[in-house]
Amino acid sequence: MRHVSRRAAVVLLLAGLVLAGLLVFLIQYVFQAKSWAAFPGSPHVYRGNNLTAGTVTDRGGELLLRSDESGRSYAADETLRKATLHLLGDRYGYIPSNVLSDHAADMIGFDLVQGLYHSSSGTMQLSLSAAANTTAYQQLAGRHGCVAVYNYRTGEILCLVSAPSYDPDNMPDIEGDSSGQYDGVYVNRPVAGTYTPGSIFKLVTAAAALEQLDDLDTRTFYCGGVTEIGGKPVHCLNVHGSITFREALAKSCNVVFGQLAAELGADTINGYAAALGITQSLSFDGLRTAAGSMQADDSDPWELAWAGIGQSTDLINPVQYMTLMGAIANGGQAALPYLVAEIPGQYQAETTMLPAALSQQTADRLAELMINNVQTVYGSWNFPSVTVGAKSGTAEQDPGRLANATFAGFMQDENYPLAFVAVVEHAGSGSEVCIPIISAVLQVCIQQLAQP
Ligand SMILES: [Zn+2]
């Protein structure tokens, strides 16, 4: 008798375990079936690296990509195909489409009862403007680099271009090319790239100086074209003579910013670079930005001075730096960027604010200084009828080649709260090269935002 009841108990226990397992499965099924069905490589929804379902459009509904079992068809316009390649990916997976993979579950048309009922049902509407991307790609005019523009209040990216690119409908012989025109072509530069910032980094040193040096506004500096720091010369591009901090930022005086960096010290410069997000990466829509780096060191004051000027070993990521421009314009805090605005019935983008990078007071003072840069140096006429704040940079890279041109800033406007960054590799002066590009792209973005 005792033998039997023990057996019954074992059976009961086993039955209980099976039921519990079923329950766990059911709960997981309800919550995760969609992502199971869309797992990368699933032959039902993938062909090689690419999702075989769904349509991608720009913010206005312009077709960028349509996928089904027979493959991918891209936009009709060649320039638009090139200008969006790094976001949509190619047919062969040389450039992956992380944005699509990240939202695969919402794109494949899956429900719990019917399973995979329709393989091309999802329409992904990006926040991106096809016109802004095309304009940016054209403005880069065959040079390598990137342009990014986003709304720092909502997070919507309007422009995100990486060059060089290629036409996915007419794939060139990249491996066989020795001209250098396709160097790094598979890299989505604004997201995965890092660059020596050049003088746009003076904004980080400026933020530290504004908060740490009480007498900054009453000081007068002197630039004789060169100063000695740590026993070695730090050269300025000009002889600025007697100069205030405000003028030193506008004229991008290396002597003043080298001296400020040396005075502030490596810990302070490194600390501000970290607090302002330079060394962090951002994640959104399947994209993860490369982290920049800042390793100023007190043991070599000359290197420290150049670090504060943006030359030494400093590295920034363009998209991250764009969010810092947004934070400066927006009282210290900007939205996390996003690219996917909506997948009707499945997904709706929400605004996520990044942690505050700056105090409101410091952000407002930097914004005012950057607007002064445009008004006194870059020329307000380049940005008709809007208030723009900016900083240019010219990052010396390899001796014998032209410098990388950099330019970053924002529009301070209730209707057009846009932050931007542009990098053009081996192109020369940051302001000369980048202002026409940014000016043209911002005009298109303004038109886009003005549309109902
Ligand atoms: Zn100077």
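Just above, that's the structure.
Residues numbered from 1 in each chain as written. Predicted model: local features only at pLDDT ≥ 70, side-chain atom pairs only at ≥ 80, totals over all residues. Heavy atoms only, no water.

Draft legend 1. Spotlight on the sheet that holds strand 8 (residues 123-126). Sheet architecture is open: six strands sit in the order 5-4-3-8-17-18, paired in mixed fashion. At either margin of the open sheet sits one strand with a lone partner, and together these are strand 5 (71-74) and strand 18 (347-348). Note that strand 8 and strand 17 (residues 340-343) share two bridges and pair antiparallel. Residue pairing in the sheet places Leu126 in a bridge with Val340 of strand 17. On top of the sheet, helix 2 (residues 78-88) reaches strand 3 (54-57), strand 4 (63-68) and strand 5; it is set at about 55 degrees to strand 4, its chief contact. (Pairing = 2+ DSSP bridges. Helix = DSSP H or I, 4+ residues; strand = E, 2+ residues; numbered from the N terminus. Contact = heavy atoms within 4.5 Å. Axes fitted to C-alpha atoms, helices over the stretch in contact; angles between N-to-C directions.)

Draft legend 2. View of a nonpolar patch on the surface. Where nonpolar side chains cluster on the molecular surface, the patch consists of Val10, Leu13, Leu14 and Leu17 and spans about 410 Å² of accessible area. Residue position: Leu14 is located in helix 1 (residues 2-37). (Patch = residues over 30% accessible without salt bridge, like charges linked within 9 Å, V, L, I, M, F, W, Y side chains within 5 Å. Areas by Shrake-Rupley, 256 points an atom, 1.4 Å probe, with all protein chains shown as cover. Salt bridge = Lys/Arg side-chain N within 4 Å of Asp/Glu carboxyl O.)

Draft legend 3. Highlighting the sheet that holds strand 21 (residues 418-424). Ordered by their spatial adjacency, five strands build an open sheet running 10-9-21-20-19, and the pairing between neighbours is antiparallel. Looking at which strands have only one partner, the edges of the open sheet turn out to be strand 10 (157-163) and strand 19 (388-395). Each adjacent strand pair in this sheet contributes to an overall mean axis angle of 5 degrees, direction not counted. Alignment of strand 9 (residues 145-151) against strand 21, held across seven bridges, turns out to be antiparallel. When the sheet's bridge partners are listed, Val149 is paired in strand 21 with Phe420. Packed on one face of the sheet, helix 13 (residues 360-378) meets strand 19 and strand 20 (404-411) and runs near 75 degrees to strand 19.

Draft legend 4. Representation of the pattern of salt bridges within the structure. Per the stated rule, a full pass over the model turns up 11 salt bridges. Close ionic contact of Asp169 with Arg81 constitutes a salt bridge, the shortest N to O distance being 3.4 Å. With a gap of 88 residues between them, Asp169 in the loop between strand 10 and helix 6 (189-192) and Arg81 in helix 2 connect regions that are remote in the sequence. Look at Arg81 and you get buried, because its relative accessible area is 10%. (Buried < 20%, exposed > 50% of the residue type's maximum accessible area, 1.4 Å probe, protein only.)

Draft legend 5. Representation of the coordination of the zinc ion in the model. Every protein donor of the zinc ion is accounted for by Cys223 (SG), Cys236 (SG), His240 (ND1) and Cys253 (SG), and the metal-donor separations fall at 2.1 to 2.3 Å. Classification of the site at the zinc ion as tetrahedral follows from its four donor atoms and the range of 101 to 115 degrees in their angles at the metal. Residue classification places Cys223 among the buried positions, given a relative accessible area of 0%. Judged by relative accessible area, which is 17%, His240 ranks as buried. (Donors = N, O, S within 2.8 Å, 3.2 Å for Na, K, Ca; no water. Tetrahedral: all angles 85-135°; square planar, octahedral: opposite > 155°, others 65-115°.)

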